[in-house]
There are 2 protein chains.
Amino acid sequence: MFVIITYDVGEKRVGKVCKKLREYLDWTQNSVFEGEITKGTLTRCLAELKTIMDEEDSVYLYKVENPRNLVKEVLGTDRSFYTMFL
Amino acid sequence: MFVIITYDVGEKRVGKVCKKLREYLDWTQNSVFEGEITKGTLTRCLAELKTIMDEEDSVYLYKVENPRNLVKEVLGTDRSFYTMFL
């Protein structure tokens with residue numbers, strides 16, 4: 001399945017959340033990750049994320065079973081393009 | 001159709017982009033808007049957004065024709081819950 005994860009977390013945890021998500025998905029924009037992932041791997045990713053998060057933190061997970069049902073359009077700069085060279 | 005818009009724009013334009021998107025969609029998290037919108041209204045929204053944006057800014061638009069093909073899961077706090085009382 002294809003997922004988009006957006007997050008709004010406390011300053012102290014941004015780095016850890018970002019590092020964790022990089023293990024599973026592609027960074028595409030500040031606080032936004034995307035990618036194909038299996039149910040099992042997603043379950044593991046979320047379980048690990050929850051150990052990092054605080055109650056006040058906010059993480060949204062958007063799941064699309066069939067990636068063909070989701071169309072992405074970029075206005076302006078595609079940030080994910082640059083991270084390929086990091 | 002259902003859309004998610006995420007954005008990463010210059011400090012000077014964040015307020016204007018946010019204000020513009022509030023006219024069309026629901027604010028759900030920092031730099032994240034969601035909602036049902038028609039093609040025509042979306043076209044108008046994007047045209048107006050482009051007049052505000054700078055080349056270096058980044059806006060991602062995720063479109064799902066049938067909202068039933070998208071499942072959203074919230075970890076931690078649902079920020080959009082609080083904006084209902086603003």
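Note that the structure is predicted; figures quoted are calculated from it, not measured. (Residues numbered from 1 in each chain as written. Chains lettered and ligands numbered in written order. Predicted model: local features only at pLDDT ≥ 70, side-chain atom pairs only at ≥ 80, totals over all residues. Heavy atoms only, no water.)

1. Quick notes on the sheet that holds strand 1 (residues 2–8) of chain A
Point 1. Ordered in space as 2(A)-3(A)-1(A)-4(A)-5(B), the 5 strands form an open sheet in which the pairing is antiparallel. The two strands at the open ends of the sheet, each matched to only one other strand, are strand 2 (26–29) of chain A together with strand 5 (71–76) of chain B. Here the average twist between neighbouring strands, direction ignored, is 25 degrees.
Point 2. Summarising the sheet, strand 4 (residues 58–64) of chain A and strand 5 of chain B pair through 6 bridges and their orientation is antiparallel. (Pairing = 2+ DSSP bridges. Helix = DSSP H or I, 4+ residues; strand = E, 2+ residues; numbered from the N terminus. Axes fitted to C-alpha atoms, helices over the stretch in contact; angles between N-to-C directions.)

2. As for the pattern of salt bridges
Point 1. For the structure on display, the rule yields 18 salt bridges over all chains.
Point 2. Notably, a salt bridge pairs K20(B) with E23(B), separated by 3.2 Å at the nearest N-O pair.
Point 3. We classify K20(B) as buried; its relative accessible area is 14%.
Point 4. Notably, a salt bridge pairs K72(B) with E34(B), separated by 2.5 Å at the nearest N-O pair. Taken together, the positions of K72(B) in strand 5 and E34(B) in strand 3 (residues 32–36) put the pair 38 residues apart, joining distant regions of the chain.
Point 5. Residue class for K72(B) comes out partly exposed when judged on its relative accessible area of 31%.
Point 6. For E34(B), a relative accessible area of 9% gives the class buried.
Point 7. It is possible to trace a salt-bridge network through shared partners that takes in R13(A), D54(A), E56(A) and D57(A). (Salt bridge = Lys/Arg side-chain N within 4 Å of Asp/Glu carboxyl O. Buried < 20%, exposed > 50% of the residue type's maximum accessible area, 1.4 Å probe, protein only.)

3. Topic: the interface of chain B and chain A
Point 1. Every contact between the two is made by 35 residues of chain B and, on the other side, 35 residues of chain A.
Point 2. Taken together, both faces of the contact between chain B and chain A bury some 3100 Å²; the carbon and sulfur share is 49%.
Point 3. Among the residues chain B hides against chain A, the three largest losses belong to Y60(B), Y62(B) and L75(B). Together they make up 23% of the total.
Point 4. For the salt bridge of E73(A) with K63(B), the shortest nitrogen-to-oxygen distance reads 2.8 Å. (Contact = heavy atoms within 4.5 Å. Buried area = accessible area lost by both parts, 1.4 Å probe.)

4. Re the pairing of strand 4 (residues 58–64) of chain B
Residue and element names in this part refer to chain B.
Point 1. Of all 7 residues in strand 4, 7 are buried; the element is thus mostly enclosed.
Point 2. The two faces of strand 4 match: S58, Y60, Y62 and V64 on one face and V59, L61 and K63 on the other face are all buried.
Point 3. Summarising the sheet, strand 1 (residues 2–8) and strand 4 pair through 7 bridges and their orientation is antiparallel. Bridge pairing links T6 to Y60 in strand 4.

5. Details of the UniProt feature "binding site: Mg(2+)" (unreviewed entry) in chain A
Residues and elements named next belong to chain A.
Point 1. When the UniProt feature table is mapped onto this chain, "binding site: Mg(2+)" (unreviewed entry) is found at D8.
Point 2. Assignment of secondary structure puts D8 in strand 1.
Point 3. When its relative accessible area of 14% is taken as the criterion, D8 is described as buried. (UniProt positions renumbered as here; feature names shortened; annotations may be inferred.)

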